[in-house]
Amino acid sequence: MEKSDILFRNLGIEFSNLGTGISIFGIDIAFYGIVIAIGMVCGVLLAQWQAKRTGQNPDTYWDFALYGIIFAVIGARLYYVAFSWDEFKDNLLGILNLRTGGLAIYGGIIAAVLTAIIYCKIKKISFGLLADTSVLGLILGQVIGRWGNFFNREAFGKYYNGLFSMQLNLAHVGGDYTCSMDTLNARYATRPEALKAITEIRNHTQMIDGVKYISVHPTFLYESVWNLLLLICLIVYSKHKKFDGEILCLYFAGYGLGRLWIEGLRTDQLFMWNSPLAVSQVLSGCLVVGSVLFIVWKRISLKKKKN
C-alpha cells in the first residue's frame, strides 16, 4: 500500500512513511476498517461497564450490539451514498466497497436509534435506559473511529498554518488537490464556498524536503477530542440524570454543537441535493435545538408531577 509522511510541524510531530493499511497473505486490510472495528468493540465494552454501574444486565448490550452495529454500518453507508450519488451512479458495486472510507456518522446514528427502538419493543425493555447506556459506547466509538480518517488522509479542514496544522503529501490526497482547475470549477460550480476553500489550500502548497504538501485543519482530531470531553462529562453526569433518555438528548445536543462548528471547517462536506447547505450542519443545528427543547419540556413536566 502507498505510504507517505503526515506532519504536524508546528508541534514537532512527524509520522514517517505511514501507510493506509497492511497486507496479510496478499489481502489488503485498511487501517480505516481496523480502527472502526476497535472503536466498536471498545464501545460495547464501555456500554457493558455502564450497565454494571447502573444495575443492568451487561449481556443485553452485546446482544443489542449484534444488531445495532450491523444496521449502523448499513445506515452510515446509505447516508453517505445518498448525498454523494454522483460518485456511485455509474459504479453501483462501489457502494459495497467500504475499505477506503465513505461512512457518514449521522446515518449510522439514525439507523442505530431506529434499531434500538425496535429492539426495545421486541424485548419489552426501556428504550430511554438502553439509549442512555449505549450512547456512551457510541461516543467512545466515535473518539476512536475518527482516527480512521487520519490514516485515510480525509475529513480534514480548510487551509491552516497555526499550532495544530497538519501537512499531508499532495500526491497522496489527490483528487480535488491535483486535478485541473477547469475540472475543479465544474465539480464545484454550485458550491462556491467549497471551491474557495479548496483553491486556498491548493494555493498554499508547501515544499518540504522536495515533496509537495498541503497544510490544513486536522478536523478529525478536533472531533475526536471534542467527543472525548463530551464522553467524560456524560459519564460524570449519568448518575445525576433526571429521566431515562436524558443522556441521549445531552449527547445529541453536545455532539451536534461540536459538529456544527467543526463541519464548517471541512472541505469535503456532504450537501443537500442541489443546495449549498451542508447536510451535517443542518442536522446538527436541528439536534441541538430539538434536544434542548425536549430536555426543558421534560424537566418542567417532571416538576409539575411532583407538585
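Bear in mind that the values here come from a model prediction, so they are computed numbers and not experimental data.

### Some remarks on the overall build of the chain
- When you go through the chain residue by residue, the secondary structure sums to 12 helices and 7 strands.
- By the compact-globule yardstick of 19 Å for 307 residues, the chain fits well, its C-alpha radius of gyration being 21 Å.
- Considered along the principal axes of its C-alpha atoms, the chain spans approximately 70 × 45 × 45 Å.
- Long-range contacts, defined as pairs at least 24 residues apart, comprise 71% of the intrachain contacts of the chain with a sequence gap of at least 6.
- Per element, the accessible surface of the chain, about 16000 Å² overall, is 65% carbon and sulfur.
- Across the chain, the 29 positively charged side chains and the 21 negatively charged ones have centroids separated by 12 Å.

### What to know about the packing of aromatic side chains
- This structure, assessed with the given rule, holds 17 aromatic pairs.
- Each ring, one from Phe-8 and one from Phe-15, has its centre 6.3 Å from the other, and the planes form 80°; the classification is edge-to-face.
- Residue classification places Phe-15 among the partly exposed residues on the basis of a relative accessible area of 32%.
- In textbook terms, an aromatic cluster arises when at least three aromatic residues are bridged by ring pairs, as seen for Phe-8, Phe-15, Phe-31, Trp-147, Phe-150, Phe-151 and Phe-220.
- The aromatic ring of Phe-243 is capped on one face by Lys-298, whose charged end is 5.8 Å from the ring centroid.

### Description of a nonpolar patch on the surface
- Nonpolar side chains collect at one region of the surface, where Leu-66, Tyr-67, Ile-70, Phe-71, Ile-74 and Leu-78 lie side by side and expose about 610 Å² of accessible area between them.
- For Leu-66, a relative accessible area of 56% translates into the label exposed.

### Some words on the packing of helix 4 (residues 105-123) against helix 5 (residues 127-145)
- Their axes nearest at 11 Å, the elements helix 4 and helix 5 cross at an angle of 150°. Considering the angle they form, helix 4 stands roughly antiparallel to helix 5. Note on packing geometry: the crossing formed by helix 4 with helix 5 is right-handed. Only Phe-127, Leu-130, Leu-138 and Gln-142 of helix 5 make contact with helix 4, whose side of the interface consists of Ile-105, Ile-109, Val-113, Ala-116, Ile-117, Tyr-119 and Cys-120.
- Residues of the contact of helix 4 with helix 5, tallied by class, amount to 10 nonpolar, 1 polar and no charged.

### Regarding the pattern of salt bridges
- Taken as a whole, this structure holds 9 salt bridges when the rule is applied.
- Look at the salt bridges and you will find they share partners, linking Arg-146, Glu-223, Arg-259, Glu-263 and Arg-266 into a network.

### Examining the environment of Tyr-79
- Relative to the helices and strands, Tyr-79 resides in helix 2 (residues 59-82).
- For the pair Tyr-79 and Leu-103, spaced 24 residues apart in sequence, the C-alpha to C-alpha distance is 7.7 Å.

Rules and cut-offs
Residues numbered from 1 in each chain as written. Predicted model: local features only at pLDDT ≥ 70, side-chain atom pairs only at ≥ 80, totals over all residues. Heavy atoms only, no water. Helix = DSSP H or I, 4+ residues; strand = E, 2+ residues; numbered from the N terminus. Rg over C-alpha atoms; globule rule 2.2 N^0.38 Å. Contact = heavy atoms within 4.5 Å. Areas by Shrake-Rupley, 256 points an atom, 1.4 Å probe, with all protein chains shown as cover. Lys, Arg positive; Asp, Glu negative; His and termini not counted. Charge placed at Lys NZ, Arg CZ, Asp CG, Glu CD. Phe/Tyr/Trp six-rings, centres within 6.5 Å; stacked < 30°, edge-to-face > 60°. Buried < 20%, exposed > 50% of the residue type's maximum accessible area, 1.4 Å probe, protein only. Lys NZ or Arg CZ within 6 Å of the ring centre and 35° of its normal. Patch = residues over 30% accessible without salt bridge, like charges linked within 9 Å, V, L, I, M, F, W, Y side chains within 5 Å. Salt bridge = Lys/Arg side-chain N within 4 Å of Asp/Glu carboxyl O. Axes fitted to C-alpha atoms, helices over the stretch in contact; angles between N-to-C directions. Parallel < 35°, antiparallel > 145°, perpendicular 65-115°, else oblique. Left-handed = near helix turned anticlockwise from the far one by under 90°. Nonpolar A, V, L, I, M, F, W, Y, C, P; charged D, E, K, R; others polar.

From the geometry alone we can't say anything about function, so treat these as descriptive.
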